[in-house]
Amino acid sequence: MKDLSISSILFKQGSTLVHRIDFNLLTIVDNIWTLVNDTTWASKLSQVDTIIINLLGKDGFDKVITFSVSSVAPTIDIIAPATLSFSFTDTGSDQTDGITSNAEIIVSGLEVGATWFYCTDGGDSGIAILGEGNSFTLDPDSYAIGDIRVWQKDLAGNASEIYSNAHAIIIITETTTDIPGTTADGGSSTSTASEVSSAHGFTINTGTSWNTIYPRSQGQAVSSAGDVNGDGIDDLIVGLASQYYKWGWKTGKSYVVFGKVDGEGVDVDNLGSGGFTIIGRAGNSLNGYAVSSAGDVNGDGLDDLIIGAPKEWHTWGIKRSGTAYVVFGKTDTSSVLLKDVYNGTGGFAIKGYIYESYAGASVSAAGDINNDGLDDVIVDTNSDGIGDIIASAEYQKFAIFGKKSTSSVSLSAIANGTADDQGFVINSDNLCSPVTSSADFNGDGFIDSISSEYWGTSLYARFGKFDGTWSTSAEINANNENIGRSIDFQGDKNADKDDTLTGTEKDELFVSGLGDDILTGNGGTDVFNSGMGNDTIIINKDNLSKLSGNIESNNLLSRVNGGNGTDTLALDGKGLTLDLTLLDNSRIKDIEIIDLTGSGNNTLRLNLSDLLSISSETDVLKIFGNAGDVVEAFGFIKSLTGGTAGVCINAGSGTAELWIANGITIVQESTIL
């Protein structure tokens with residue numbers, strides 16, 4: 001028999017014809033034919049007891065032969081099998097966090113005779129793995145929500161619904177050491193500065209090749225961090241988005257390196273008392289791709305940090321929406337887990353909301369935009385250099401207001417106008433560029449920088465010089481301690497942290513740290529770093545001349561840095577003139593009060609730029625003094641008099657206020673020759 005074909009199919013109940021199929025009959029191939037499931041005939045099966053198939057074919061002489069075959073009516077299975085589920089043993093210290101060393105996944109709900117499948121990449125690759133038995137083993141890695149999927153097919157070929165993980169799962173199968181920087185790993189909760197320093201800088205060994213030309217393409221970032229620990233010296237932060245927390249968990253890390261005066265190199269994997277580590281929340285999130293100082297976001301007197309994780313996501317299906325994390329400053333060296341910050345401990349999360357918008361691709365401090373006394377931050381989306389940028393994707397820049405609470409911030413709510421109290425959005429057609437910043441890492445009065453050698457594994461914190469240049473890597477590597485200097489007056493040696501540090505006529509470096517401190521220069525090219533607390537810095541005629549002269553002496557350049565808190569700069573003597581208009585704006589910073597009292601009549605001269613620079617945290621400067629003292633205020637007019645002071649304002653700023661104690665003579669711009 002050859003050229004076999006079907007001419008018709010009859011469905012009968014006894015001798016009664018119930019249904020007949022005469023068209024769209026499939027060709028028989030290798031003696032097998034398949035009739036596509038169709039409710040027009042499948043629904044008749046319960047009414048029939050016999051199916052007759054009429055066939056055509058040719059014998060060996062090519063003669064057409066017709067014949068029929070019959071069969072008992074079969075049962076057609078069109079019902080999908082039950083949805084599978086799976087479970088695993090959470091072996092972590094917190095048995096609900098999804099972190100486990102047991103990589104075996106147990107599948108339940110399998111039907112007898114069914115075939116089951118699984119995938120571990122959320123179906124992105126389209127690869128389904130055939131399951132065996134009732135379990136499978138995961139590779140050590142971190143798995144986001146929905147990454148792990150299982151389903152089954154029964155003997156009739158019906159497929160079940162897909163079951164996937166509703167929570168992230170992290171598989172760690174090797175024993176690891178404690179988190180670097182904690183007391184269990186040799187860390188300490190108290191930071192102390194070295195007695196002797198290099199005048200050039202120090203290296204920071206990151207343990208990974210550093211691309212000088214395209215650092216962002218390697219997930220590398222570096223920035224000044226402000227004074228995170230309140231010791232009076234600016235710190236810095238290094239972001240390495242490709243770093244592993246534990247074997248198989250590529251979460252990315254950031255490292256806060258406390259500012260210091262010595263030239264000893266720093267290894268980020270062994271910071272000890274010299275800083276702390278910030279560990280990412282989710283695998284492959286590019287945590288640490290962007291890092292920056294945030295200013296004092298929560299108003300506690302310590303500078304805070306902002307870190308971008310632009311490939312992180314929060315909602316199933318909205319991949320790489322991104323997150324930025326505000327991490328509050330702190331004085332200890334324990335590691336920070338961003339999963340804790342995400343949940344409202346030690347800071348807060350800023351959550352993206354658009355598919356592949358990469359919130360946190362660029363982050364920076366913004367100052368106090370809304371004038372509420374708390375510093376604000378900027379978070380960019382869809383920045384250049386991130387993965388597969390969609391050309392038509394909307395680029396947005398968000399201003400996020402500072403706050404004391406640790407509740408998360410939704411960029412979706414801000415974009416939709418339902419969270420105007422949390423910030424606002426600025427739309428732009430241009431992709432942003434990373435924000436950079438500088439600071440004084442060793443507290444000597446010179447602005448320092450941080451950079452790297454091409455594809456080296458070390459960063460260089462380069463101490464600034466008087467000529468405006470920075471030390472070379474060769475000078476740092478040579479570490480010539482013969483031209484270094486010591487911290488002359490170190491605070492925080494008392495239990496209450498309130499120190500009185502009294503200098504001499506020599507050139508001296510003050511670092512007072514925490515507490516309410518009194519720093520007295522007594523002359524010389526002095527550098528004052530008063531750190532956290534309400535501090536008083538007292539300078540005399542010689543100190544003033546060194547500030548005005550801008551002359552380097554003994555590797556120091558005169559500077560006053562009040563740090564956080566309400567800080568006072570007091571004049572010691574009579575006949576003194578503090579002329580801020582002649583000083584570089586970087587020479588006196590973060591001062592809220594100037595006391596002219598001294599021992600006689602003294603004068604202060606300033607303009608709007610001077611006020612905004614010297615009182616950068618509040619834009620309000622208060623002047624104390626008595627009869628005989630004079631304030632020459634360029635561009636200010638008196639707007640209010642009452643109580644113990646008069647208030648002067650400047651038309652060039654809506655926030656700047658100059659409070660001058662009653663009794664002090666005020667000379668306004670129109671009367672100054």
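Residues numbered from 1 in each chain as written. Predicted model: local features only at pLDDT ≥ 70, side-chain atom pairs only at ≥ 80, totals over all residues. Heavy atoms only, no water.

Undergrad: Help me get a handle on the nonpolar core, residues and values and all.
TA: It is characteristic of soluble globular proteins that their nonpolar side chains tend to be buried jointly. Membership of the largest hydrophobic core comes to 36 residues, with the highest contact counts inside it found for L578, I588, I594, I623, V631 and L658. Elements with a contribution of two residues or more to this core: β38 (536-539), α5 (541-549), β40 (568-571), β44 (603-606), α6 (608-614), β45 (620-624), β46 (630-633) and β49 (657-661). Discounting chain neighbours no more than four positions away, the residues touching I594 are L569, L578, L580, L604, I614, L621, K622, I623 and F624. Of all hydrophobic cores here, the second largest spans 22 residues; its members include Y289, F348, I350 and V379. (Core = buried A, V, L, I, M, F, W, Y, C linked by side-chain atoms within 4.5 Å. Buried < 20%, exposed > 50% of the residue type's maximum accessible area, 1.4 Å probe, protein only. Helix = DSSP H or I, 4+ residues; strand = E, 2+ residues; numbered from the N terminus. Contact = heavy atoms within 4.5 Å.)

Undergrad: If you had to explain unusual backbone geometry to someone new, which residues and values would you point to?
TA: Its identity as a non-glycine residue notwithstanding, L286 has a phi of 60 degrees, on the positive side. Along the polypeptide, L286 turns up in the loop between β20 (275-279) and β21 (290-295). Even without glycine at this site, N522 takes up a positive phi of about 60 degrees.

Undergrad: Tell me about the pattern of salt bridges, and please be specific about residues and values.
TA: By the definition in use, this model includes 5 salt bridges. Among the salt bridges present, the one from R281 reaches E312, with a minimum N-O distance of 3.1 Å. In this pair, R281 sits in the loop between β20 and β21 while E312 sits in the loop between β22 (304-309) and β23 (323-327), placing the two residues 31 residues apart along the sequence. Residue K330 is joined to D332 by a salt bridge in which the shortest nitrogen-to-oxygen separation is 2.8 Å. By sharing partners, the salt bridges in this structure join D579, R605 and E632 into a single network. (Salt bridge = Lys/Arg side-chain N within 4 Å of Asp/Glu carboxyl O.)

Undergrad: Kindly report on the confidence of the model for the chain, identifying the contributing residues and their values.
TA: Looking at the chain as a whole, its pLDDT mean stands at 75, while 68% of the residues score no less than 70. Below a pLDDT of 50 lies the segment residues 210-217, which in the model reaches 27 contacts outside its immediate sequence neighbourhood of four places, other chains included. Overall, residues 428-438 carries pLDDT values under 50, and its contacts beyond four positions in sequence, including any with other chains, amount to 22 contacts. (pLDDT = per-residue confidence, 0-100.)

Undergrad: Just give me the short version of the sheet that holds β22, but keep the residues and values in it.
TA: On the basis of which strands lie adjacent, the open sheet formed by 5 strands has the order β21-β22-β23-β25-β29 and mixed pairing. The sheet is open, and its two edges are formed by β21 and β29 (409-410), each paired on a single side. Pairing of strand β25 (residues 347-351) with β29, which is carried by 2 bridges, proceeds in the parallel orientation. The residue bridging K351 from the neighbouring strand is S410, located in β29. (Pairing = 2+ DSSP bridges.)

Undergrad: Tell me about the pairing of β44, and please be specific about residues and values.
TA: Bridge count for strand β41 (residues 577-579) against β44 is 3 bridges, and the pairing is parallel. Residue pairing in the sheet places T577 in a bridge with T603 of β44. Two strands pair when backbone bridges link them, and β44 and β46 are joined in this way by 4 bridges, in the parallel orientation. Bridge pairing links T603 to V630 in β46.

Undergrad: Report on the environment of G523, specifying residues and quantitative values.
TA: Relative to the helices and strands, G523 resides in the loop between β36 (518-520) and β37 (527-529). Separated by 15 residues in the primary sequence, G523 and I538 have C-alpha atoms spaced 9.9 Å apart.

Undergrad: So what's going on with the environment of I623? Residues and values would help.
TA: In this fold, I623 is placed in strand β45. C-alpha separation for the pair I623 and W659, spaced 36 residues apart in sequence, amounts to 6.0 Å. Setting aside residues no more than four positions away along its own chain, I623 makes contact with I594, L596, L604, V631, L658, W659, I660, A661 and I664.

Undergrad: Describe empty space enclosed by the protein, and please don't skip the residues or the numbers.
TA: Counting across every chain of the model gives 2 cavities of 30 Å³ or more. Taken as a whole, the largest cavity encloses approximately 70 Å³ of empty space. Around the largest cavity, the lining residues are L580, L583, D584, N585, R587, I588, D610, S613 and I614. Sort the elements by how many residues they give to the lining of the largest cavity and α6 lands first, with 3 residues. Classifying every residue of the lining of the largest cavity gives 4 nonpolar, 2 polar and 3 charged. (1 Å grid on protein atoms, 1.4 Å probe; cavity = no way out; pocket = protein on both sides within 12 Å on 5 of 7 lines; lining within 4 Å. Points joined across faces, edges and corners; volume = space filled by probe spheres on them. Nonpolar A, V, L, I, M, F, W, Y, C, P; charged D, E, K, R; others polar.)

Undergrad: For the pairing of β23, give the residues involved together with the corresponding values.
TA: Summarising burial for β23: 5 of the 5 residues are buried, a large majority. Burial along β23 is two-sided: T323, Y325 and V327 and A324 and V326, pointing in opposite directions, are all buried. Of the pairings in the sheet, the one linking β22 to β23 comprises 5 bridges and is antiparallel in character. Within the sheet, the bridge partner assigned to I307 lies in β23 and is Y325.

Undergrad: Any chance you could break down α5 for me, citing the residues and the numbers?
TA: Looking only at α5, the buried set comprises N543, L544 and L547. The arc that holds the buried residues of α5, viewed along the axis, is 100 degrees, so those residues lie on one side. On its buried side, α5 packs onto β38, β39 (559-561), β40, β41 and β42 (588-589). The N-terminus of α5 is capped by N540, whose side-chain oxygen sits 3.1 Å from the backbone nitrogen of D542. (Arc of directions from axis to C-beta. Polar contact = N/O pair within 3.5 Å; in protein donor to acceptor, adjacent residues only side chain to side chain.)

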